[in-house]
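# Breakdown of the fold
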Amino acid sequence: MTSTPAWGSSAYSGNCASPPLPTRRRAETEPCERRRRDAELTQQIQRIHADSGGIYGSPRVHAVLKREDVHVGRKRVERLMREAELAGLSPRRKGFTRRDPKPRSHPTWSTATSPPRHRTGCGSRT
């Protein structure tokens, strides 16, 4: 059959069963609503992170945004902080025991002062 395709495209050869894909000119020229909102949120997140002195991580940044009545999900804040290469400080360990680098070797009380135990094998003390 040599009739022209119903889609009105001269680029359509008629050999494939599907119509040509639409062009994406609008998407190439202007960002979508989600990307614009992500850019705004990233600016807010950077401001909050800078105001905290670089200490706040994603949970605290999310809490501050929630306090400011910005409705955004926790995972979205995490993603935007990751993309902006922002990270908070991790909590430091407090009160851990430090080992002596040169421990003294001394006998323990039980082996140094107690007499050897004689076992009879049956569990009796005698």
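Figured I'd write up the structure that's included with this text. (Residues numbered from 1 in each chain as written. Predicted model: local features only at pLDDT ≥ 70, side-chain atom pairs only at ≥ 80, totals over all residues. Heavy atoms only, no water.)

### Digging into helix 4 (residues 74–83)
Along helix 4, the residues that are buried comprise V77, R79, L80 and M81. Tucked into the core, helix 4 has its buried residues touching helix 2 (33–51) and helix 3 (58–67). One or two steps after helix 4, the chain reaches E85, where phi turns positive at roughly 60°. (Buried < 20%, exposed > 50% of the residue type's maximum accessible area, 1.4 Å probe, protein only. Helix = DSSP H or I, 4+ residues; strand = E, 2+ residues; numbered from the N terminus. Contact = heavy atoms within 4.5 Å.)

### Some points on the environment of R79
Within the secondary structure layout, R79 lies in helix 4. Put simply, R79 and S58 are 21 residues apart on the chain and 9.2 Å apart in space, counted from C-alpha to C-alpha.

### Thoughts on the packing of helix 2 against helix 3
Here helix 2 crosses helix 3 at 110°, and the two axes come no closer than 10 Å. In terms of orientation, helix 2 lies roughly perpendicular with respect to helix 3. Regarding helix 2 and helix 3, the two cross each other, and that crossing is right-handed. Residue-level contacts link Q44, I45 and I48 of helix 2 to V61, V64 and L65 of helix 3. Classifying every residue of the contact of helix 2 with helix 3 by side-chain character gives five nonpolar, one polar and no charged. (Axes fitted to C-alpha atoms, helices over the stretch in contact; angles between N-to-C directions. Parallel < 35°, antiparallel > 145°, perpendicular 65-115°, else oblique. Left-handed = near helix turned anticlockwise from the far one by under 90°. Nonpolar A, V, L, I, M, F, W, Y, C, P; charged D, E, K, R; others polar.)

### Focus on the environment of M81
Mapped onto the elements, M81 comes out in helix 4. Look at M81 and you get buried, because its relative accessible area is 2%. Placed 23 residues apart in sequence, M81 and S58 show a C-alpha to C-alpha distance of 7.1 Å. Residues contacting M81, with those up to four places away along its chain left out, are I45, H49, Y56, G57, S58, V61, L86 and A87.

### Remarks on the side chain of T42
Turning to its location among the elements, T42 is positioned in helix 2. With a relative accessible area of 18%, T42 lands in the buried category. A distance of 2.7 Å separates a polar side-chain atom of T42 from the backbone oxygen of D38. Discounting residues that sit within four places of it in the chain, T42 has contacts with L80 and A84. (Polar contact = N/O pair within 3.5 Å; in protein donor to acceptor, adjacent residues only side chain to side chain.)

### Quick notes on the side chain of S52
When you line up the elements, S52 lands in the loop between helix 2 and helix 3. Note on S52: relative accessible area 15%, which makes it buried. A polar contact of 2.8 Å, which involves the side chain of S52, links it to the backbone oxygen of H49.

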